[in-house]
Amino acid sequence: MSEIIDAAGMLLLALESPPKFLLMRHHNRWDLPKGHAESGEEILTTALRETEEETGLRGSTIVVDPDFRFVLEYEVKGQKRGNYRKRVTYFIGYLPAIRRPVLTEHTGYQWWSWPCLEPIQAETVDPLLSAASQHFETYPQRLKSPTT
């Protein structure tokens, strides 16, 4: 069995009308801010740290949804670390309005209108957006006020 490496990321939603979510552009695909956990680090701390590192948006300005956590596992064939299994835990984080990210690891970004009805990236982004849509069916008020 492959080694499992934990990572975490954040689906950022700006609570505008309509709400918008942030995707970061790699040279060949869309993705979310995310990265590997440091040794002994809590997984939510990883998500907030990586989001800040990759967007410049401070974790203290993000309201994390207490009722959402989505986990994906997949195989990675990498040159840096070799082959391994990656387990990524995603959270939903709310911002009161769109903020311009400071790019450190990506070639671009885009704020997309919620809900997104088009496929973006089948292995990771699309399943996360589907899980978030189901979450908002249970908690529709979260798209207006993350604290209720």
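Please refer to the structure placed before this passage.
Residues numbered from 1 in each chain as written. Predicted model: local features only at pLDDT ≥ 70, side-chain atom pairs only at ≥ 80, totals over all residues. Heavy atoms only, no water.

Per the secondary structure count, the protein includes two helices and eight strands. Reading the secondary structure of the protein in the N-to-C direction produces β-β-β-β-α-β-β-β-β-α. A compact globule built from 148 residues would reach a C-alpha radius of gyration of about 15 Å, and the protein, at 15 Å, matches this within 12%. Oriented by its inertia axes, the alpha-carbon framework of the protein measures out at about 45 × 30 × 30 Å. Classification of the 148 residues of the protein by burial places 47% in the buried group. (Helix = DSSP H or I, 4+ residues; strand = E, 2+ residues; numbered from the N terminus. Rg over C-alpha atoms; globule rule 2.2 N^0.38 Å. Buried < 20%, exposed > 50% of the residue type's maximum accessible area, 1.4 Å probe, protein only.)

A probe matching the size of a water molecule, rolled over the atoms, marks out where space remains unfilled. Taken as a whole, the largest pocket holds about 730 Å³ of empty space. Lining the largest pocket are 26 residues, with Arg29, Lys34, His36, Tyr84 and Lys86 sitting closest to its centre. Taken together, the residues that form the lining of the largest pocket break down as five nonpolar, eight polar and 13 charged. (1 Å grid on protein atoms, 1.4 Å probe; cavity = no way out; pocket = protein on both sides within 12 Å on 5 of 7 lines; lining within 4 Å. Points joined across faces, edges and corners; volume = space filled by probe spheres on them. Nonpolar A, V, L, I, M, F, W, Y, C, P; charged D, E, K, R; others polar.)

What follows is about the side chain of threonine 55. Tracing the backbone shows threonine 55 in helix α1 (residues 43-55). Residue class for threonine 55 comes out buried when judged on its relative accessible area of 0%. A distance of 3.0 Å separates the side chain of threonine 55 from the backbone nitrogen of leucine 57, its partner in a polar contact. Once residues lying within four places of it in the same chain are set aside, the contact partners of threonine 55 are Leu22, Met24, Pro33, Pro101 and Val102. (Polar contact = N/O pair within 3.5 Å; in protein donor to acceptor, adjacent residues only side chain to side chain. Contact = heavy atoms within 4.5 Å.)

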